[in-house]
Amino acid sequence: MLQYSFEDMKKMNRAQLGNMVPLELFRTIRLIGLNQGLPMGGKATTLTIGRKIGESLPVQNLDELLQLFEELKIGVPRIVYRDEHKINIAVDDCFCKGLPELGEQMICDLEGAILEGAMSKIMGRKIPIREIKCNASGHEHCEYEIRL
């Protein structure tokens, strides 16, 4: 079976349209296609996809992961809490910034799963991560809790 790598994703040959697609398209795929089009809001699918993406990222430590997160324009991450058992990462300017609020629903599970896959690869064991704040539910930023 053919499999692509993260390095393959950097190869582009779009002379007219270049290497960018509108945020509206990404949001449409995520929130209408996956979230509204699949059972249980597509959560199992986005978690599986996100973890696989995270595992494929060329990062060796948390600093590299946070830098790549921003370079890929996923959001602007920053550590807001850290101890020996837990790290909380806030993500400003996340893809959901500016969308109408959805009550308590959090929609950035893909981004958390990307962090989870990458951190699990870095640490060499399963690292659970959960979204605890989301712009779409009225919070000032999206935030993820990483359990070490």
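Residues numbered from 1 in each chain as written. Predicted model: local features only at pLDDT ≥ 70, side-chain atom pairs only at ≥ 80, totals over all residues. Heavy atoms only, no water.

K.L.:
Sorry if this is basic, but what is going on with the overall build of the chain here?
P.N.:
Regarding its fold elements, the chain presents five helices and four strands. Each helix and strand of the chain, ordered N terminal to C terminal, gives the series α-α-α-α-β-β-α-β-β. For 148 residues, the compact-globule estimate of 2.2 N^0.38 gives 15 Å, and the C-alpha radius of gyration of the chain, at 15 Å, lies within 12% of that figure. By its C-alpha atoms, the chain is 45 × 35 × 25 Å across when sized along the principal axes. By the burial criterion, 37% of the 148 residues in the chain qualify as buried. (Helix = DSSP H or I, 4+ residues; strand = E, 2+ residues; numbered from the N terminus. Rg over C-alpha atoms; globule rule 2.2 N^0.38 Å. Buried < 20%, exposed > 50% of the residue type's maximum accessible area, 1.4 Å probe, protein only.)

K.L.:
How do you make sense of helix H4 (residues 62–71) when you look at a structure like this?
P.N.:
Every α-helix carries 3.6 residues per turn, so stepping three or four residues along brings you back to the same face. Residues Leu62, Leu65, Leu66, Leu68 and Phe69 constitute the buried set of H4. The buried residues of H4 occupy one face: seen down the axis, they fall within an arc of 165°. Its buried side turned inward, H4 meets helix H1 (6–9), strand E1 (76–82), strand E2 (86–92) and helix H5 (109–123). (Arc of directions from axis to C-beta. Contact = heavy atoms within 4.5 Å.)

K.L.:
Could you clarify how one ought to interpret unusual backbone geometry in this entry?
P.N.:
Negative phi values dominate among residues other than glycine, just as trans dominates among peptide bonds. Phi at Lys73 is positive, roughly 60°, even though this residue is not glycine. With respect to the secondary-structure elements, Lys73 resides in the loop between H4 and E1.

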